[in-house]
Amino acid sequence: MAVRKSIADMTSAEKTAFANALRQFKTTPVNGRSYNSYIDQHITYFARTSDNISHAHQSPSFFPWHREYLRLLEFDLQTVSGNPNLFLPYWDWTGSVSPFTADFCGAITNGSVSSGNFSPNWGWSVYRSSIATSFLQRRLGQNASRPTATTVNNVQSYSVYDQSPWNSTVSNSYRNRNEIELHNRVHNYVGGHMGTREAPNDPVFWLHHCNIDRLWWLWQQSRGIDTYQPRTGTTPGVIDNTERMRPFATGKTPSALRDITTLGYSYA
Amino acid sequence: MTDVKRRDVLRYSAAGAVTTATALYGVQALTGSEPAEGKPRRDPRDFDEDYRGKRIRGRHFGRGRDELHVNDRPLALTEVSTLFVPEDGSEPYVAVGYISAINHYDPVEIDDARTQDGLRRLGRRIVDRLNGLELSAEAGKGHFH
């Protein structure tokens, strides 16, 4: 059972354990998956796949798709480290505590991560980079600012989960407002590889998405856990509540992923 | 791959208009580095400029088929209709933008009644994001949304 903590509440030992588990997984596949296969999946499922469905982004299944994606990574990190309590931390970007420190995601935030944690010398490599480089890239604050608590509260106040046309144009949609105003914005705030299609090259991807998942869970607790839309039927081009999300296993539907108390983790 | 082929077909089928286009945009054609023969149709918004030490070239072939090169390396573009939520608090609006491997969460609005020169702004944004580095071959691989 993983208790996902805020980065503000982690000990230095916990930060080091998390970074080391990622490094270990980068070179040691477990449970039939490799770290780079997560990057492949992110690239593949960002696009509409051959079923003409947008599984991971710009669609209602944005939240449950990433919930399963994170849950699998957390499980793989537990396996590779031999620590069943290892957890994905969340980065509340409205707070003052930064994940970019020497003992955690690495302290370099203005270009090539050329030394320290997540540098090549430390044992990290970039994969399928659209930027011609062998170094992880960051440009903190170049492309966007961090969302404020006011922006987060405003997004959390949208009461409709999602609605037609179920894409990135929907205005009155909790899913789309979160995806654009919080999720996209923080990808752009970090910049470098976090702004690219292959964003999971940066370990902070997981801390960011963990906070997105936590915000959805908080929203679910106030609006209802079983509130995914569209509910049933055959809405073209999107995942319905009881439809399997690729590339995950049979049974991995939004409905099956709605309640985190059944998924083996909680938020502290 | 099929995308590239389709673009080539469009280019060559437009070859009949080359003479007129070259006459109209002769200055642009002379400053370009490509051979004159087989030259594609030119759009007045096409550009070839140096920006922060990088050469950016943009060609307009109609929505969804525009092309952008940074230092002669192609960047695959994907059109997306999306809500734009300005950070300055002004009213959100829906428009069409381009995303790519580099600006994947940051669509740049393309030409419509509201905005012009979108492809050039995108090119400059890409150079800013590259921060002195180059596009890799991976950046030229497209996908659909």
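Our structure's up above, just so we're on the same page.
The sections below set out a description of the structure shown in this document. (Residues numbered from 1 in each chain as written. Chains lettered and ligands numbered in written order. Predicted model: local features only at pLDDT ≥ 70, side-chain atom pairs only at ≥ 80, totals over all residues. Heavy atoms only, no water.)

**What about the environment of P147(A)?**
All names here are of chain A. Within the element layout of this structure, P147 appears in the loop between β3 (137–139) and α4 (149–156). Along the backbone, P147 and L182 are 35 residues apart, and their C-alpha atoms lie at a distance of 6.4 Å. Among all residues touching P147, those that are not within four sequence positions of it are W93, T94, V152, E181, L182, R185 and V186. (Helix = DSSP H or I, 4+ residues; strand = E, 2+ residues; numbered from the N terminus. Contact = heavy atoms within 4.5 Å.)

**Some points on the interface of chain A and chain B**
Where the parts come together, the accessible area they lose is often given as the size of the interface. Counting residues at the interface gives 38 residues for chain A and 31 residues for chain B. Between chain A and chain B, a total of about 2,800 Å² is buried, with carbon and sulfur atoms accounting for 50% of that surface. Applying the counting criterion to the chain A and chain B interface returns two salt bridges. The partner of E87(B) in a salt bridge is R185(A), with the nearest N and O atoms 3.5 Å apart. For the side of chain A that touches chain B, the secondary structure elements donating two or more residues are α2 (35–46), β3 and α5 (174–190) of chain A. Broken down by class, the residue content of the side of chain A that touches chain B amounts to ten nonpolar, 20 polar and eight charged. (Buried area = accessible area lost by both parts, 1.4 Å probe. Salt bridge = Lys/Arg side-chain N within 4 Å of Asp/Glu carboxyl O. Nonpolar A, V, L, I, M, F, W, Y, C, P; charged D, E, K, R; others polar.)

**Looking at the sheet that holds strand β7 (residues 108–109) of chain B**
All names here are of chain B. The three strands are arranged β5-β6-β7 in an open sheet whose pairing can be described as antiparallel. Bordering the open sheet on either side are β5 (78–84) and β7, each of which pairs with just one other strand. In the sheet, β5 pairs with strand β6 (residues 93–99) via seven bridges, with the strands oriented antiparallel. Residue pairing in the sheet places T82 in a bridge with A95 of β6. (Pairing = 2+ DSSP bridges.)

**Considering unusual backbone geometry**
Look at the link from S164(A) to P165(A): it is a cis peptide, with omega at 10°. Along the chain, P165(A) falls in the loop between α4 and α5. The omega torsion of the bond from R246(A) to P247(A) falls at 5°, within 30 degrees of zero and hence cis. Note that P247(A) resides in the loop between α6 (204–223) and β4 (265–267). Even without being glycine, N131(B) reaches a positive phi, approximately 55°.

**What about the nonpolar core?**
Residues and elements named next belong to chain A. Among the nonpolar cores identified, the biggest contains 72 residues, and L22, L73, L77, W91, W206 and L207 are the most heavily contacted of them. For this core, the secondary-structure elements that each account for two or more residues are α1 (12–27), α2, α3 (62–81), α4, α5, α6 and β4. Among the elements that line this core, the one with the most residues is α6, at ten residues. The residues touching W206, leaving out its near neighbours within four places in the chain, are L22, Y35, Y38, Y69, L70, L73, P89 and P200. (Core = buried A, V, L, I, M, F, W, Y, C linked by side-chain atoms within 4.5 Å. Buried < 20%, exposed > 50% of the residue type's maximum accessible area, 1.4 Å probe, protein only.)

**A closer look at the environment of I180(A)**
Tracing the backbone shows I180(A) in helix α5. Overall, the relative accessible area of 13% leaves I180(A) in the buried class. Distance from I180(A) to Q58(A), taken between C-alpha atoms, is 8.9 Å for residues 122 residues apart in sequence. Sequence-distant contacts of I180(A), that is, excluding residues within four places in its chain, are made with S168(A), R185(A), T82(B), L83(B) and V85(B).

**Considering the packing of α4(A) against α5(A)**
Residues and elements named next belong to chain A. Packing of α4 against α5 leaves a shortest axis separation of 9 Å and a crossing angle of 160°. Taken as axis vectors, α4 and α5 run roughly antiparallel relative to one another. Considering only the axes of α4 and α5, their crossing is left-handed. Residues T151, V152, V155 and Q156 of α4 form the contact with α5, whose own contacting residues are Y174, R177, N178, E181, L182 and R185. A per-class count over the contact of α4 with α5 returns four nonpolar, three polar and three charged. (Axes fitted to C-alpha atoms, helices over the stretch in contact; angles between N-to-C directions. Parallel < 35°, antiparallel > 145°, perpendicular 65-115°, else oblique. Left-handed = near helix turned anticlockwise from the far one by under 90°.)

**Structural notes on the sheet that holds strand β2 (residues 54–59) of chain B**
All names here are of chain B. With antiparallel pairing, the four strands of this open sheet are ordered in space as β1-β2-β3-β4. Looking at the sheet topology across the chains shown, the edges are occupied by β1 (47–51) and β4 (73–75). Looking at each pair of strands side by side, their axes are set apart by 25° on average, direction ignored. Where β1 lies against β2, five bridges are found, and the strand directions are antiparallel. Opposite F47, over in β2, you have G58 as the bridge partner.

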